[in-house]
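Commentary on secondary and tertiary structure
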Amino acid sequence: MRNSTQTTTAPQTRQLPQFVFQPGFELPPELEAAEPPEARGLRRDQVRLMVSYRADDRVEHTRFTNLPDFLEAGDLLVINTSATLKAALPARRSDGTPLALHLSTRLPAELWLAEVRQPDGVASQPYFGARPGETLSLPGGAAVTLLTPYLPAQRRQPDAPVRLWVTRLTLPDGWTLPRYLETHGQPIRYSYVRQPWPIEYYQTVFATEPGSAEMPSAGRAFTPELVTRLVAQGIEFAPLLLHTGVASLEKHEPPYEEYCRVPAETARRVNAALAGGRRVIAVGTTVVRALETVTDAAGVVHPGQGWTELVITPQRGLRAVNGMLTGLHEPQATHLAMLQALAGCEHLQHTYAEALRQRYLWHEFGDLHLLLP
């Protein structure tokens, strides 16, 4: 975030900082959560929870409903209140070719960062045949125009394959975007999720402001009853906002900018917790990215809003959080660099070996990992 006190200008891409992380594992397909836990006969808060302690590499296995057993009065959980959009739309080229459009990030001037993909059922792959200036038809008389590739290097190479586009949506008269997406959109899903699920399955209990292309999934297992138990135990909550974009990054593609907002009260609570030696636990990598963006080199958190371009690596380190609740991430995912910045490579390798041995489930409908000091 270029200025922590003002809304920033439109995002500009840059190269991914170099880091070294060798997770040393392969993800078996059967450990990819193909459906919500509710479809497996579980409540949201009955997914499995791996709790690991960095100080001594201790690992415990439990259920998420037992989270209060591992927290203590004064702990601060920082949560993301972004709600998930029905961001996937069927699209069609002028020659009739069926495609899918995944809206990712809302930009200034009513523009969108979007991804063009093969339609559902075609191995969930990006589509590289589109060209600048092309207009795709959308349901209900809407359209999307592909203005320019998002990555500057691709703008200089007319024949380069393009995954992400800066686009302009044109909606029918009288339609707002929320109403249009509610009517014609579907939640984004990838090939490991074999059937569509209603948008309610992609919302967290904290969701208040629509804007995420994909669910901030670390918060999914919380229920109102569990939150009540935590508050009664003296656990504190602090909200912020980060609208997540699509997660289907290609090889060597840097994470792109996302819009975030850290309120003054949240900054105050985090600073007070850190000053008091209490644990600040980020609920998800989105929270870490937003919070670390507005934290200065001295470890002081400031309020702010705008697009964050921060990529957290072990070299950069963490300043505002000392604990994290997160899902399990795929090999070579950039999220693993963030986790390594918090826990170190050896601890991460140890915990992921445990998760594989215990047959934990990956992805947004999977199990969770709580990393503590």
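A brief structural summary. (Residues numbered from 1 in each chain as written. Predicted model: local features only at pLDDT ≥ 70, side-chain atom pairs only at ≥ 80, totals over all residues. Heavy atoms only, no water.)

So, on to the layout of surface pockets. By volume, the second largest pocket is sized at about 430 Å³. The dominant element in the lining of the second largest pocket, judged by the number of residues it contributes, is helix α2 (residues 177–184), at four residues. Here the lining of the second largest pocket is composed, by residue class, of 13 nonpolar, five polar and four charged. (1 Å grid on protein atoms, 1.4 Å probe; cavity = no way out; pocket = protein on both sides within 12 Å on 5 of 7 lines; lining within 4 Å. Points joined across faces, edges and corners; volume = space filled by probe spheres on them. Helix = DSSP H or I, 4+ residues; strand = E, 2+ residues; numbered from the N terminus. Nonpolar A, V, L, I, M, F, W, Y, C, P; charged D, E, K, R; others polar.)

All right, on to the nonpolar core then. Counting 88 residues, the largest nonpolar core has Leu101, Leu103, Leu138, Leu291 and Trp362 as its most contacted members. Ignoring any residue separated from it by four or fewer positions in sequence, one finds tryptophan 362 in contact with Phe25, Leu27, Leu31, Glu32, Ala33, Leu328, His329, Glu330, Tyr352, Ala355 and Leu356. Listed in part, the 25 residues of the second largest apolar core include Leu49, Ala221, Phe222 and Leu372. (Core = buried A, V, L, I, M, F, W, Y, C linked by side-chain atoms within 4.5 Å. Buried < 20%, exposed > 50% of the residue type's maximum accessible area, 1.4 Å probe, protein only. Contact = heavy atoms within 4.5 Å.)

Pairing within the open sheet is mixed, and its nine strands lie in the order β2-β1-β17-β16-β14-β3-β12-β13-β15. Edge positions in the sheet fall to β2 (58–63) and β15 (304–308), since each has one partner strand and no second. Across this sheet, the average inter-strand angle for adjacent strands is 20°, counted without regard to direction. Relative to strand β17 (residues 368–372), strand β1 (residues 48–53) runs parallel, the two being bridged by five bridges. Residue pairing in the sheet places tyrosine 53 in a bridge with leucine 372 of β17. Across the sheet, helix α4 (residues 264–275) touches β3 (76–80), β12 (236–242), β13 (258–262) and β14 (280–283), and the angle it forms with β3 is around 150°. (Pairing = 2+ DSSP bridges. Axes fitted to C-alpha atoms, helices over the stretch in contact; angles between N-to-C directions.)

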